[in-house]
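Working through the structure, step by step
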Amino acid sequence: MLRDLPSLYGISDVQELNSLFTMIAYHSGMEFSYESMSKESGVKKETIRKYIQYLEAAFLIKIVTRTDDTAKRFQRQTTFKIYLTNPSLRCALFEPIKMIDGNIGDMIETAIYSQWIPRKGHIAYANWKMGRSQGEVDLVGINDALQKPYWAVEIKWSDRFFDKPSELSSLQFFMEKNHLPQALVTSISKGGAKNMDFGTLHFIPSACYAYTVGENTLRQAKKSFGL
């Protein structure tokens, strides 16, 4: 990142680029905007866009676009999520993260999403206003032809929701609005199905889900190459 490749994108200040990447790595999985990143760093928005474009082309990060509660695309993407392509990059830049750390949830989300990156298909996150609060679903698979979601995943680093699935109000709202009969919820260690009035919630430990997605991604890649 600090050698010759940035110059191909017209980037001359590699230290500034490195500072931006370090900030993104620390907050991987969180929602960003060019406006907020520009204010925080003091770098112009157009320069930030150039840096982000380069970091994504270098396969260091992945931008995930936002959709609303009906899976419609926003004509103007003002906010988006950024994930590291490999969560170990954060540990390489900072100290290893622990199970009880405050931002472990974002790293679990990063680890899971990184397994989806090689896949074809449109994956987004849903975020919308729900009364006075914000509603969100972490991963949504979107059928571009129909502009409708066909699966949803809520990533949680907690076993609480297995015992209290009714607390997943955003996921319930999204499933009811889009007529999804089922959705998946990750946990720390608990697994099983919960039949709710609005549909079935399938709980699976986060590590098992990340492994399953990664294994399926590898199988699809092998099949596409005739292996």
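Here the structure is shown first, and the text comes after it.
Treat the numbers as computed from the prediction; the structure is a model and nothing was measured. (Residues numbered from 1 in each chain as written. Predicted model: local features only at pLDDT ≥ 70, side-chain atom pairs only at ≥ 80, totals over all residues. Heavy atoms only, no water.)

1. Quick look at the pairing of strand S8 (residues 192-196)
Side chains on a regular strand alternate between the two faces of the sheet. As a reminder of what qualifies: Here, a strand pair is defined by DSSP locating no fewer than two bridges between the strands. Strands here are runs of E lasting at least two residues and helices are runs of H or I lasting at least four, both read from the DSSP assignment and numbered beginning at the N terminus.
When S8 meets strand S9 (residues 199-205), the two strands line up antiparallel, connected through five bridges. Residue pairing across strands places Gly192 opposite Phe203, the latter belonging to S9. Taken together, S8 and the strand that follows it, S9, pair antiparallel across an intervening segment of two residues.

2. Digging into the packing of aromatic side chains
As a reminder, the rule being used: To pair, rings of Phe, Tyr and Trp, with the six-membered ring standing in for Trp, must have centres within 6.5 Å; the planes then decide the type, stacked if under 30 degrees apart, edge-to-face if over 60, and tilted in the middle. Only protein chains enter the accessibility calculation, which uses a 1.4 Å probe. A residue is then buried if its area is under 20% of the maximum for its type, exposed if over 50%, and partly exposed in between.
Considering all chains together, one arrives at eight aromatic pairs under this definition. Relative to Phe80, the ring of Tyr34 has its centre 4.9 Å away and its plane inclined at 50°; by these criteria the two rings are tilted. Of this pair, Tyr34 sits in helix H2 (residues 34-41) while Phe80 sits in strand S3 (residues 80-84), and the two are 46 residues apart along the sequence. Tyr34 sits in the buried class, given a relative accessible area of 13%. Measuring from centroid to centroid gives 4.9 Å for Trp116 and Trp151, while their planes differ by 20°, and the two rings are stacked. Note that Trp116 is positioned in helix H5 (residues 104-116) and Trp151 in strand S6 (residues 148-154), a separation of 35 residues in sequence. Put simply, the rings of Trp116, Tyr150 and Trp151 pair up and form one aromatic cluster.

3. Let's talk about the pattern of salt bridges
Where we set the bar: The salt bridge definition used is simple: a Lys or Arg side-chain nitrogen within 4 Å of an Asp or Glu carboxyl oxygen.
If you walk through the whole model with that rule in mind, you get 11 salt bridges. A salt bridge links Glu136 to Lys81, with the shortest nitrogen-to-oxygen separation between them at 2.8 Å. In this pair, Glu136 sits in strand S5 (residues 133-143) while Lys81 sits in strand S3, placing the two residues 55 residues apart along the sequence. Between Asp138 and Lys81 there is a salt bridge, with the nearest N and O atoms lying 3.8 Å from each other. Of this pair, Asp138 sits in strand S5 while Lys81 sits in strand S3, and the two are 57 residues apart along the sequence. In this structure, Asp138 and Lys81 share a single accessibility class: buried. Members of the salt-bridge network, linked through shared partners, are Lys81, Glu109, Glu136 and Asp138.

4. Some words on the nonpolar core
This is how the line gets drawn: In these notes, a set of buried Ala, Val, Leu, Ile, Met, Phe, Trp, Tyr and Cys residues joined through side-chain atoms within 4.5 Å is what counts as a nonpolar core. Any two residues whose heavy atoms approach within 4.5 Å are treated as being in contact.
Membership of the largest hydrophobic core comes to 22 residues, with the highest contact counts inside it found for Leu20, Ile24, Met37, Ile52, Leu55, Ile61 and Ile82. Put simply, the parts of the chain that give this core at least two residues each are helix H1 (14-26), H2, helix H3 (45-57), strand S2 (61-67) and S3. In contact with Ile82, not counting residues within four places along its chain, are Ile24, Ser28, Gly29, Met30, Phe32, Met37, Ile52, Ile61, Lys62 and Ile63. Val140, Leu168, Leu171 and Met175 belong to the second-largest nonpolar core, a separate cluster that totals 20 residues.

5. Re the packing of H2 against H3
Which entries qualify depends on this criterion: Axis angles are defined between N-to-C directions and span 0 to 180 degrees, where every axis is a line fitted to C-alpha atoms and, for a helix, only to the segment in contact. Note that the term roughly parallel is reserved for angles under 35 degrees, roughly antiparallel for angles over 145, roughly perpendicular for angles of 65 to 115, and oblique for everything else. Three classes are used: nonpolar for Ala, Val, Leu, Ile, Met, Phe, Trp, Tyr, Cys and Pro, charged for Asp, Glu, Lys and Arg, and polar for all others, with Gly counted as polar.
Relative to each other, H2 and H3 sit at 105°, their axes nearing to 9 Å. Accordingly, the angle class assigned to the pair H2 and H3 is roughly perpendicular. Contacts between H2 and H3 involve Tyr34, Glu35, Met37, Ser38 and Ser41 from the first element and Lys45, Ile48, Arg49 and Ile52 from the second. For the contact of H2 with H3, a count of residues per class yields four nonpolar, two polar and three charged.

6. Description of unusual backbone geometry
The backbone of Phe59 sits at a positive phi, close to 60°, despite the residue not being glycine. Along the chain, Phe59 falls in the loop between H3 and S2. Relative accessible area serves as the criterion here: at 52%, Phe59 is assigned to the exposed category.

7. Some words on the layout of surface pockets
Stated formally: Think of a 1 Å grid over the protein atoms and nothing else: a 1.4 Å probe that fits but is trapped marks a cavity, an open set flanked by protein within 12 Å on at least five of seven lines marks a pocket, and residues with an atom within 4 Å of a point count as lining. Grid points are joined across faces, edges and corners, and a volume is the space filled by probe spheres set on the points.
Quantified by volume, the largest pocket comes out at close to 250 Å³. Every residue lining the largest pocket is counted, 14 residues in all, and those nearest its centre are Pro118, Arg119, Lys120, Gly121 and Gln220. When residues of the lining of the largest pocket are traced back to their parent elements, those giving at least two are strand S4 (122-130), S6 and helix H8 (206-224). Looking at the lining of the largest pocket, the element that brings in the most residues is H8, giving four residues. Of the residues that constitute the lining of the largest pocket, the class distribution is six nonpolar, six polar and two charged. The computed volume of the second largest pocket comes to approximately 150 Å³. If you go around the second largest pocket, the residues you meet are Trp116, Tyr150, Trp151, Ala152, Val153, Leu180, Pro181, Gln182, Ala183, Leu184, His202 and Tyr209.

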